[in-house]
Amino acid sequence: MIPRYQKVFFWVLLLATMAMAAYLLRLHTKSEERVLATVERVPLSAPDTATQTPVMLLVANDYDGSLTPVAERIELPDQMNTRARFLLNELLAEYAKPEALHPIAQNAGVDDVFLMPMTVERDGMAGTMAVVNLSGSLAQVHPSGIEPETMTLLSMIGTLHANLPEITEVRFLVDGEPRETLAGHADLQRSYLASSTPIPGVDAGADVPGGATP
Amino acid sequence: MQCNKTAGRGFPAGLAERPVASARRGMDLKRVKPGSRRRDLRHPRLGRPLKVYWVGLVCAVLLPVGWGQSPVRPPQGPPPLAAPPQFSVVIDAAHGGADTGAHLTEQLEEKDLVLELSVELRSMLSAHGVQVTTTREMDVTLSPLRRAEVANHRAAGACIVLHATASGHGVHLFTSSLAPVSPGKILPWDTAQAAYVQSSLRLSAEINSALQHAEIPVTLGRTFLAPLDNLTCPAIAVEVAPLGRALLGRGAMSTDKSDAQPTPVTDPEYQKQIVSALTAAIEEWEHDVTGETKP
């Protein structure tokens, strides 16, 4: 026979436990709401289920002065300027590979790409100017010479135009500032016409690299 | 004409050819009495009137002088052409001074190699009778503006800008990327080369042909490069790269055994081949431009 006072004590303890559990649950909910309210809900990395977009990279070859189209599938963001930056850094990653025929000892070097609508029409269409902001470290490690510098610029311009045809003109900055040359040779103070950079396999008569005009 | 007739009639054949001798003979005239008539003055041995001899003497002196200066106006036609300016070449050894250019090896910088090539090319062209101007003969800093000024004042038949690099393969020939325009009276400084792009491309083809003949691999290209874009002459940038290690494609190495060891840009034989090929090309270019062939 259980004494009555023990029964009362058991029920009091049970009620206290349940009350404490409810209170803890309430505190947990409140703290979770408080944390979620302060943190920016931006995914830091692309989800595995993101769709991969087919892109074409124009990879330079120093040994014959050609641009070779290389088809790849990469995950690209929606914003156009971010897409352009991703594309160019993907291209530079090709040049950082050991077997690269246009070696650059840095696998990234494009800090920003700014897109500005053109007010002057070219060939009947008002295109977009891309201002590519290269990092100073890329210019520092870039091989010096007319051919290597020209090939880097042409491959960037060609890659942008092949994947984002609305880009018709390209200018280059280094660390946000205008600069005379990339590494002592190729002129960075001019605007390059993206449409006149030949894309092998896409543009006719694209056997000679170059052809950009101001 | 009058002189001719007089001389022919009044002189014996040998006298007209020896005017000085006849003058000496004239000094031997005998004095005549005062009041006698002037026509009586006669040569002591030939017996002809003295007036005839004086006219003949003057004509004999003046005739050879005025032979080529006919008073008759020449037939109307195109004025004679002015002599064409002499063909000359400007060689620009890139970089210099504080601007070292590419680091080709641990000890060698681009500015030193291209200066050496410039001196060799100048010597060989001069030996072949081509007038050469160089933008620099020593290790000094020169702005692209100054280089273009020197070249443009020469009004040269060809401008060669020499560069060197440790990347790539063979010799790279670059012409300006400017769109060709027809030459006008006023050329904007930044795009002055645009009026000469077509002739620069022909010069590039000439040098390409000479280098191919010397079995040196060539890569052709176009670029924006100072001072190439500011030159008012057929201009080309010649960039010397190591020879060998030809690659066939992405990561595929040539199987040719001779390509196993790359020839550095410092190799004297390689440099000599390039200089000889450039000299041959420029001589051919001079022939194309002036129509003259050097013996």
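For every chain, the first residue of its written sequence is number 1, and the numbers climb from 1 along that sequence. For naming, the first written chain is A and the first written ligand is 1, with later ones following in the order written. The model is predicted, so local features are restricted to residues of pLDDT at least 70 and side-chain atom pairs to those at 80 or more, both for listing and for counting; the totals for chains, interfaces and linings are taken over all residues. Excluding hydrogens and water, the side-chain values take into account all heavy atoms of the structure.

Peer 1: Explain helix α7 (residues 197-213) of chain B here, please?
Peer 2: Side chains of residues three or four places apart in an α-helix project in the same direction, reflecting 3.6 residues per turn. Residue and element names in this part refer to chain B. Given a rise of 1.5 Å per residue, 17 residues ought to cover 24 Å, and the 24 Å separating the end C-alpha atoms of α7 matches this to within 8%. Buried within α7 are the following residues: Val197, Ser199, Ser200, Leu203, Ser204, Glu206, Ile207, Asn208, Ala210 and Leu211. For α7, the elements touching its buried residues are β3 (158-164), β4 (171-176), β5 (218-223), β6 (235-240) and α8 (268-290). The helix count covers DSSP runs of H or I at least four residues long, the strand count covers runs of E at least two residues long, and both are numbered beginning at the N terminus. Just downstream of α7 lies glutamate 215, where phi reads positive at about 60°. An expected span of 1.5 Å times one less than the residue number is assigned to each helix. The classification of residues rests on relative accessible area computed with a 1.4 Å probe and restricted to protein chains. Under 20% of the type maximum is buried, over 50% is exposed, and intermediate values are partly exposed. Whether two residues are in contact is decided by their heavy atoms, any of which lying within 4.5 Å being enough.

Peer 1: Which parts of the structure should I look at to understand the state of the cysteines?
Peer 2: Two cysteines whose sulfur atoms are joined by a covalent bond form what is called a disulfide. Residue and element names in this part refer to chain B. Note on terminology: disulfide denotes any pair of cysteine sulfur atoms within 2.5 Å. Within the structure shown, the criterion is met by one disulfide over all chains. Shown here is the disulfide that connects cysteine 159 with cysteine 233, its sulfur atoms set 1.9 Å apart. Between cysteine 159 and cysteine 233, the S-S dihedral sits near -120°, and the bridge is therefore left-handed. Here cysteine 233 lies in the loop between β5 and β6 and cysteine 159 lies in strand β3, a separation of 74 residues in the sequence. Each member of the pair, cysteine 159 together with cysteine 233, is buried.

Peer 1: Looking at this structure, I do not really get the packing of aromatic side chains. What am I missing?
Peer 2: Note on aromatic pairs: each is described by the distance of the centres and the angle between the planes. Put simply, two rings from Phe, Tyr or Trp (the six-membered ring, in Trp's case) pair if the centres are within 6.5 Å, and we call them stacked under 30 degrees between planes, edge-to-face over 60, tilted for the rest. If you walk through the whole model with that rule in mind, you get three aromatic pairs over all chains. Summarising the aromatic geometry, the rings of Phe10(A) and Trp11(A) are spaced 5.4 Å apart at their centres and angled 75° between planes, so their arrangement reads as edge-to-face. Here the aromatic rings of Tyr192(A) and Phe224(B) are separated by 5.2 Å at their centres, their planes lie at 65°, and the arrangement is edge-to-face. Of this pair, Tyr192(A) sits in strand β6 (residues 192-193) while Phe224(B) sits in the loop between β5 and β6, which puts the two residues in different chains. Assessed through its relative accessible area of 4%, Tyr192(A) is described here as buried. Given a relative accessible area of 1%, Phe224(B) falls into the buried group. Grouped by ring-pair contacts, the aromatic residues Phe172(A), Tyr192(A) and Phe224(B) constitute a single cluster.

Peer 1: Sorry if this is basic, but what is going on with the interface of chain B and chain A here?
Peer 2: Accessible area lost upon the coming together of the parts serves often as the stated size of an interface. Counting residues at the interface gives 31 residues for chain B, matched by 29 residues for chain A. Salt bridge, as applied in this entry: a Lys or Arg side-chain nitrogen positioned within 4 Å of an Asp or Glu carboxyl oxygen. On the surface where chain B and chain A come into contact, there are one salt bridge. In this structure, the salt-bridge partner of Asp229(B) is Arg190(A), at a minimum N-O distance of 3.4 Å. By the criterion applied in these results, polar contacts are pairs of N or O atoms within 3.5 Å in which, for protein atoms, one can donate a hydrogen and the other can accept it, and in which residues neighboring in sequence qualify only through two side-chain atoms. Summed over the shared surface of chain B and chain A, the number is 11 residue pairs in polar contact (both at pLDDT 80 or more). For the side of chain B that touches chain A, the secondary structure elements donating two or more residues are β4, β5, β6 and β7 (247-249) of chain B. If one sorts the elements of the side of chain B that touches chain A by residue count, β5(B) sits on top with five residues. Its residues assigned to classes, the side of chain B that touches chain A shows nine nonpolar, 15 polar and seven charged. Each residue is assigned to one class: nonpolar for Ala, Val, Leu, Ile, Met, Phe, Trp, Tyr, Cys and Pro, charged for Asp, Glu, Lys and Arg, and polar for all the others, Gly among them.

Peer 1: Would you mind going over unusual backbone geometry with me for this structure?
Peer 2: Glycine aside, negative phi is the norm for most residues, and most peptide bonds take the trans geometry. Residues and elements named next belong to chain B. Following alanine 226, the chain continues into proline 227 via a peptide bond in cis, with omega recorded as 0°. Mapped onto the fold, proline 227 is located in the loop between β5 and β6. Even without being a glycine, alanine 155 presents a positive backbone phi close to 50°. Locating alanine 155 in the fold gives a position in the loop between α6 (144-154) and β3. For glutamate 215, which is not glycine, the phi torsion reads 60° and is therefore positive. Looking at the element boundaries, glutamate 215 is found in the loop between α7 and β5.

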